[in-house]
Amino acid sequence: MANNSKIAIVTGSAQGIGYAIASKLASNGCYVIIADVTAEQGEASANQIGNDRATFVQCDISQENEVQSLFRQVIASHGRVDIVVNNAGIIRDHVIWKMTTEEFDAVVRVNLRGTWLMCREAAVQMRAQKSGAIINIASRAWLGNPGQTNYSASKAGIIGLTRSLALELGPSNIRVNAVAPGLIDTPLAQALPAEVQAKLIAAQPTRSMGKPEDVAEAVAFLASDHCQFMTGQVLYVDGGKSIGAGV
Ligand SMILES: NC(=O)c1ccc[n+]([C@@H]2O[C@H](COP(=O)([O-])OP(=O)(O)OC[C@H]3O[C@@H](n4cnc5c(N)ncnc54)[C@H](O)[C@@H]3O)[C@@H](O)[C@H]2O)c1
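Here goes a summary of the coordinates provided. (Residues numbered from 1 in each chain as written. Predicted model: local features only at pLDDT ≥ 70, side-chain atom pairs only at ≥ 80, totals over all residues. Heavy atoms only, no water.)

Examining the site of the ligand
Move 1: Contacts to the ligand come from 25 residues, most closely from Gln15, Ile17, Asp36, Asn87 and Tyr151.
Move 2: With respect to the ligand, the side chain of Gln15 contributes an N or O atom lying 2.8 Å from an oxygen atom.
Move 3: Within the contact set of the ligand, a nitrogen atom lies 3.5 Å away from a backbone nitrogen or oxygen of Cys59.
Move 4: Notes on the ligand: free accessible area 830 Å², of which the protein chains cover 86%.
Move 5: Elements with a contribution of two residues or more to the shell around the ligand: helix H1 (16-27) and helix H5 (149-169). (Near = heavy atom within 4 Å. Polar contact = N/O pair within 3.5 Å; in protein donor to acceptor, adjacent residues only side chain to side chain. Areas by Shrake-Rupley, 256 points an atom, 1.4 Å probe, with all protein chains shown as cover. Helix = DSSP H or I, 4+ residues; strand = E, 2+ residues; numbered from the N terminus.)

What follows is the structure in structure tokens.
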């Protein structure tokens with residue numbers, strides 16, 4: 001790790017979009033903390049990126065004490081936190097009349113409360129440093145998706161959180177933005193029946209699925225010094241689906 005490396009925490013980066021974000025930030029010269037609830041895959045992902053550029057810390061972001069401990073460990077080791085990417089998220093899909101209260105609570109607890117807990121610790125440290133960038137991973141689904149009342153609400157909450165936090169932290173030279181991915185080619189999408197995949201792709205203005213790397217590029221831009229005057233924004237990486245026009 002170079003002395004001038006930026007220190008980045010990426011939650012939920014043992015796999016999927018988070019892993020692509022961690023890899024991209026590491027290849028841009030950051031030292032990355034892979035913070036994930038899953039230990040085995042998290043360790044493997046840190047090894048894959050390289051132990052001089054990444055390390056794994058086990059953390060369930062929905063647990064206040066684990067989030068506080070994560071920040072304590074990172075600050076003890078590195079003295080600062082320059083970039084926090086709140087990517088960890090879960091789904092528990094059902095139409096509302098079949099959704100249990102537990103499914104609602106689980107999604108809001110991880111996606112919204114977990115992201116808020118991470119933002120609070122990041123704010124304390126970054127205000128002391130007078131610098132930092134926070135990127136929250138929302139979803140195009142915040143605009144509405146049948147079967148996802150819990151998930152849409154949690155992601156809409158993340159956007160409200162992002163905008164309010166940008167106002168609170170702007171005076172301390174800290175930027176807070178969100179990325180809203182659309183249909184991304186992850187194991188989740190690959191698990192859908194072929195005809196469902198085809199239907200979803202046909203509804204995309206680009207007639208394509210995005211790749212985890214497409215999301216990572218947007219996050220890397222928002223984390224970089226090339227975007228000093230952008231805060232409180234939502235950047236869509238969704239093949240144009242959020243435009244909402246008929247296709
Ligand atoms: N895949 C898509 O098409 C898509 C679209 C829009 C938004 N998103 C969002 O992007 C993010 C990543 O999605 P993905 O498809 O890569 O998901 P994924 O399920 O492949 O990976 C999620 C990661 O988060 C970790 N995680 C889950 N709960 C956690 C917790 N409580 N604490 C810490 N880590 C936890 C998991 O262990 C896993 O490594 C999520 O926030 C998701 O809502 C995904």
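What follows continues from the structure just given.
With respect to the state of the cysteines
Move 1: Within the structure shown, the criterion is met by zero disulfides.
Move 2: The closest cysteine sulfur to the non-disulfide-bonded Cys30 is located on Cys227, 13 Å from its own sulfur.
Move 3: Here Cys59 is not cross-linked by a disulfide; its sulfur's nearest cysteine counterpart is in Cys119, at 13 Å. (Disulfide = S-S within 2.5 Å.)

Quick notes on the environment of Gln73
Move 1: Assignment of secondary structure puts Gln73 in helix H3 (residues 64-78).
Move 2: Assessed through its relative accessible area of 39%, Gln73 is described here as partly exposed.
Move 3: Distance in space between the C-alpha atoms of Gln73 and His94 is 38 Å, their sequence separation being 21 residues. (Buried < 20%, exposed > 50% of the residue type's maximum accessible area, 1.4 Å probe, protein only.)

A short note on the packing of helix H4 (residues 101-129) against H5
Move 1: Between H4 and H5, the shortest axis-to-axis distance is 9 Å and the interhelical angle comes to 15°. With respect to H5, the axis of H4 lies roughly parallel. Seen along the crossing, H4 lies across H5 with a hand that is right-handed. Here Glu103, Phe104, Val107, Val108, Asn111, Leu112, Thr115, Trp116, Cys119, Ala123 and Arg127 of H4 come into contact with H5, specifically with Asn150, Tyr151, Ser154, Lys155, Gly157, Ile158, Leu161, Leu165 and Leu169.
Move 2: Counted by class, the contact of H4 with H5 contains twelve nonpolar, five polar and three charged residues. (Axes fitted to C-alpha atoms, helices over the stretch in contact; angles between N-to-C directions. Parallel < 35°, antiparallel > 145°, perpendicular 65-115°, else oblique. Left-handed = near helix turned anticlockwise from the far one by under 90°. Contact = heavy atoms within 4.5 Å. Nonpolar A, V, L, I, M, F, W, Y, C, P; charged D, E, K, R; others polar.)

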